[in-house]
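Notes for the structure review
This is what each chain is made of:
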Amino acid sequence: MNNVGFAEQITVYKSQIENYLEQHLATANIDEPTLKAAMHYSLLLGGKRLRPFLVYATGEIFNADPNSLNVVAAALESIHSYSLIHDDLPAMDDDDLRRGQLTCHKKYNDAVAILAGDTLQTFAFQMLSGPELSSVTPERQLQLIHLISQASIDMCAGQSIDLIETDANTDLLPEIKLTNLQHMHKLKTGALIKASVLAGALCGKVSEQELNYLEQYADAIGLAFQVWDDVLDIVSDTETLGKPQGSDLEANKSTYPALLGLEQAKLKAKNLVDEAVQALQQLPYNTSVLQQLALYIIERDH
């Protein structure tokens, strides 16, 4: 697939998930208008929709039912949005901007933002446990719920590690700091990305060996995504990022450029993308969309 085709595919998937989220949230039984408005504000604020993209692209390789992919993609994006709302709170990263707009707690207030995040997480599992996933077996539906709930737990554990280690005065050797950083990002960012890849495949007919290759791919792109985010925090600007540039540096966070240097961090991201592509090449399918997505991760500017 050429770059133009890939760009069009991003637009198609983005439109698909946003239309589904819009319709599903509109009919959701949430009997308090401010809470529902805050959920809508954060969920439909924009963004790359990387996780839904991975669900759709992987699921289509394994001939998954399109509506099942909508449900799983919507659930994962709801969990991702809840995590962003909470990450931005004063008690966490204390950010004023998200996707170029006011963060949820700045648009509303801290209490509404906390409740919007809580409800989005529950909303995700309501979708996953509902009748919309009728095209998969009950056993597979439970497997999807277990996979995504574990990813959500891992994401929270990663955020907890990040908060504990930010500004901590440690005398650890650089290689130990790097190992700890990689572990934190595998949880905080990588877990939900990996769940998106595997969940899309689980909606279709996928073997255990194929899942292993997909897991290798997902682990590599999940870490590459975070390494490149660390790079962008230095080389990009606030308008392009949609959030304050240099916020990681200002918060004294441990990052890949801080531990490796900027050029070595860029090289690490490239090597991870190479690993991801190699894993996909073990699959007997057309995986060009997933390969293009891996390359896109280190070509994006926000």
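Residues numbered from 1 in each chain as written. Predicted model: local features only at pLDDT ≥ 70, side-chain atom pairs only at ≥ 80, totals over all residues. Heavy atoms only, no water.

With respect to helix α8 (residues 174-202)
Its 29 residues place the ends of α8 39 Å apart at the C-alpha level, agreeing with the 42 Å of an ideal helix rising 1.5 Å per residue. Along α8, the helix axis deviates most sharply at Gly-190, where the bend reaches about 55°. (Helix = DSSP H or I, 4+ residues; strand = E, 2+ residues; numbered from the N terminus. Expected span 1.5 Å × (residues − 1). Bend = angle between axes of the 7 residues up to and from the residue.)

Overview of the pattern of salt bridges
Across all of its chains, the model carries twelve salt bridges by this definition. Ionic pairing is found between Glu-18 and Lys-14, a salt bridge with its closest N-O pair at 3.1 Å. Here Glu-18 pairs with Lys-14, and both are found in helix α1 (residues 3-26), just four residues apart, close to one helical turn. Here Lys-188 and Asp-162 are joined by a salt bridge, their closest N and O atoms 2.7 Å apart. With Lys-188 in helix α8 and Asp-162 in helix α7 (residues 138-165), the pair connects residues that are 26 residues apart, well separated along the chain. Here Lys-188 and Asp-162 have matching classes, each one buried. Residues joined in a network through salt bridges with shared partners are Lys-14, Glu-18, Arg-49, Glu-77 and Arg-99. (Salt bridge = Lys/Arg side-chain N within 4 Å of Asp/Glu carboxyl O. Buried < 20%, exposed > 50% of the residue type's maximum accessible area, 1.4 Å probe, protein only.)

Notes on unusual backbone geometry
Phi angles above zero are rare outside glycine, and Arg-49 is one such case at about 55°. With phi around 55°, Asp-94 is a residue other than glycine that occupies positive phi space. Along the chain, Asp-94 turns up in the loop between α4 (66-87) and β1 (97-98). Here Asp-94 falls in the partly exposed class, since its relative accessible area comes to 45%.

Here we look at the nonpolar core
Judged by nonpolar contacts, the single largest core of 92 residues is most densely connected at Leu-54, Val-72, Leu-214, Tyr-217, Ile-221 and Leu-293. Those residues in contact with Val-72 that sit more than four places away from it in its chain are Val-55, Leu-128, Leu-133, Leu-144, Ile-148, Ala-199 and Cys-203. (Core = buried A, V, L, I, M, F, W, Y, C linked by side-chain atoms within 4.5 Å. Contact = heavy atoms within 4.5 Å.)

Observations regarding the packing of aromatic side chains
With the rule as written, the count across this model stands at six aromatic pairs. Centroid distance Phe-6 to Phe-53: 5.6 Å. Interplanar angle 70°. Geometry classified as edge-to-face. Placement of the pair is Phe-6 in helix α1 and Phe-53 in helix α3 (residues 50-61), with a sequence separation of 47 residues. An angle of 55° between the planes, with centres 6.0 Å apart, marks the rings of Phe-6 and Tyr-296 as tilted. Here the residue Phe-6 occupies a position in helix α1, and Tyr-296 occupies one in helix α14 (residues 288-297), the gap between them amounting to 290 residues. The exposure class of Tyr-296 is partly exposed, given its relative accessible area of 23%. Ring pairs connect the aromatic residues Phe-6, Tyr-13, Phe-53, Tyr-56 and Tyr-296, which therefore count as one cluster. In this arrangement the basic side chain of Arg-300 is found over the ring face of Phe-225, its NZ or CZ atom lying 4.0 Å from the centre. (Phe/Tyr/Trp six-rings, centres within 6.5 Å; stacked < 30°, edge-to-face > 60°. Lys NZ or Arg CZ within 6 Å of the ring centre and 35° of its normal.)

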